[in-house]
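One letter stands for each residue in the lines below.
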Amino acid sequence: MKATITEIIDAPIGNVWAIVSDFPGLMRWHPMVVRCEATGQGVGALRTVHFADWWAVERLEVLDAGTHVLGYAITDCSRPENIGVTGRITLSQAAPGRTCIEWVAGLEAGNEHAEAINAALLAYYPVRIGHLRTALDLAMHIRFFSK
């Protein structure tokens, strides 16, 4: 079973989608990324995400602005056990000005690394959602002070 994280973010869905849907712009909200290189646009685009001590290539599988869904798959990685990880971020309006984010990611149950990888993602993605909140707060402050 993949890791599933569901949380509420105090920001309008349009603001959250603007950041999440920017596939090559991962550095906007992931402070652990040291470099992100993208090739292609839309579904099928690839991004190589570089961290301090490892890297991963992710392919954009789904990008649906109407339903606010972004899906990706790790196709190559310096940590081979991560190859095959898929993720799907789904946004929905929780209330006016509030967004529900559901992040389902991991390896299928039959994979020998699934239990360890999925447990790690279950701990990791709430931190990533915290990074997203920070980026949204910063973006709102920049808009406020630039007026």
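The coordinates are above.
The model shown is predicted, which means the values in this text are computed figures rather than measured ones.

Draft legend 1. Region of interest: the pairing of strand β3 (residues 46-50). β3 sits mainly inside the fold: 4 of its 5 residues count as buried. The pairing of strand β2 (residues 35-39) with β3 spans 5 bridges and is antiparallel. The partner of Arg35 across the bridge, within β3, is His50. Across 5 bridges, the pairing between β3 and strand β4 (residues 55-64) is antiparallel. Residue pairing in the sheet places Val49 in a bridge with Ala56 of β4. Hairpin remark: β3 followed by β4, antiparallel, with 4 residues in the connecting loop.

Draft legend 2. Expanded view of the nonpolar core. Grouped together as the largest cluster of nonpolar side chains are 39 residues, with contacts concentrated most on Ile9, Val16, Ile101, Trp103 and Leu132. For this core, the secondary structure elements donating two or more residues are β1 (3-9), α1 (13-20), β4, β5 (69-77), β6 (86-95), β7 (98-106) and α2 (114-145). Examining the composition of this core, we find that 8 residues originate from one element, α2, more than from any other. Not counting the four nearest positions on each side in its chain, Val16 is found in contact with Ile9, Ala11, Leu91, Thr99, Leu132 and Leu136.

Here is what the cut-offs are and how they apply
- Residues numbered from 1 in each chain as written.
- Predicted model: local features only at pLDDT ≥ 70, side-chain atom pairs only at ≥ 80, totals over all residues.
- Heavy atoms only, no water.
- Buried < 20%, exposed > 50% of the residue type's maximum accessible area, 1.4 Å probe, protein only.
- Helix = DSSP H or I, 4+ residues; strand = E, 2+ residues; numbered from the N terminus.
- Pairing = 2+ DSSP bridges.
- Core = buried A, V, L, I, M, F, W, Y, C linked by side-chain atoms within 4.5 Å.
- Contact = heavy atoms within 4.5 Å.

Geometric values such as these leave the question of function open.
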